[in-house]
Amino acid sequence: MSTSDTHRTHGIDDSVLAELTRLRESIDNIDAAVVHMLAERFKCTQQVGLLKARHHLPPADPAREARQIARLRQLAETAHLDPAFAEKLLNFIIAEVIRHHERIAVEPDTTDTPTNRTHNTPDTPPGAPRP
Ligand SMILES: O=C(O)C(=O)C[C@]1(C(=O)O)C=C[C@@H](O)C=C1
């Protein structure tokens, strides 16, 4: 049974269904954009990881992170997005980047990229403490 069949069975009006479908199409587009933007971000951080490894710089830079969090919280407030959520999301992404940096530091010659890696998938939700 398709989604629309299910809704029809439950008596949902066609106009409601059309509105739901329209909104879901936009959500799918936004989710695709998020994936593409994250892929580009990880391409950049991969380069940062290589640079840091080559020059023996530490994987994490807490001072930089503090500036990013302050900036993102401000942007979130302006955009009417929960700043705490924005902070959790950034921390989640950065924790993954730092894992990649640490891996590059011990395996600098790896051709593996963060975006195609499947064995190092984060398993902690946004907001969980950094391991
Ligand atoms: O800017 C850096 O130094 C990075 O390594 C990138 C990045 C990030 O993902 O934005 C990741 C780890 C650092 O702690 C700070 C920022």
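In this text the structure is predicted, and so the values were computed from the model without any measurement.

1. A closer look at the pattern of salt bridges
Alright, step 1. Enumeration according to the criterion identifies five salt bridges in this entry.
Alright, step 2. R22 is the salt-bridge partner of E19, the closest N and O atoms lying 3.3 Å from each other. Taken as a pair, E19 and R22 lie in helix α2 (residues 14-54) at a separation of three residues, close to a single helical turn.
Alright, step 3. Exposure remark for E19: the relative accessible area of 39% places this residue in the partly exposed category.
Alright, step 4. Owing to a relative accessible area of 45%, R22 belongs among the partly exposed residues under this scheme.

2. Comments concerning the confidence of the model for the protein chain
Alright, step 1. Considering every residue of the protein chain, the mean pLDDT works out to 85; 75% of them sit at 70 or more.
Alright, step 2. Segment residues 114-131 is flagged for pLDDT under 50; beyond a separation of four residues in sequence, or across chains, it makes 27 contacts in the model.

3. Some words on the site of the ligand
Alright, step 1. Near the ligand you find 14 residues, and of these R41, K52, D61, E65 and Q68 are the closest.
Alright, step 2. In the model, an oxygen atom of the ligand is placed 2.8 Å from a nitrogen or oxygen of the D61 main chain.
Alright, step 3. Contacts to the ligand include Q68, whose side-chain N or O atom sits 2.8 Å from an oxygen atom.
Alright, step 4. Taking 360 Å² as the accessible area of the ligand by itself, protein coverage stands at 90%.
Alright, step 5. For the shell around the ligand, the elements supplying multiple residues, two or more each, are α2, α3 (62-78) and α4 (83-106).
Alright, step 6. Grouping the constituent residues of the shell around the ligand by class yields six nonpolar, three polar and five charged.

Procedures and definitions
- Residues numbered from 1 in each chain as written.
- Predicted model: local features only at pLDDT ≥ 70, side-chain atom pairs only at ≥ 80, totals over all residues.
- Heavy atoms only, no water.
- Salt bridge = Lys/Arg side-chain N within 4 Å of Asp/Glu carboxyl O.
- Helix = DSSP H or I, 4+ residues; strand = E, 2+ residues; numbered from the N terminus.
- Buried < 20%, exposed > 50% of the residue type's maximum accessible area, 1.4 Å probe, protein only.
- pLDDT = per-residue confidence, 0-100.
- Contact = heavy atoms within 4.5 Å.
- Near = heavy atom within 4 Å.
- Polar contact = N/O pair within 3.5 Å; in protein donor to acceptor, adjacent residues only side chain to side chain.
- Areas by Shrake-Rupley, 256 points an atom, 1.4 Å probe, with all protein chains shown as cover.
- Nonpolar A, V, L, I, M, F, W, Y, C, P; charged D, E, K, R; others polar.

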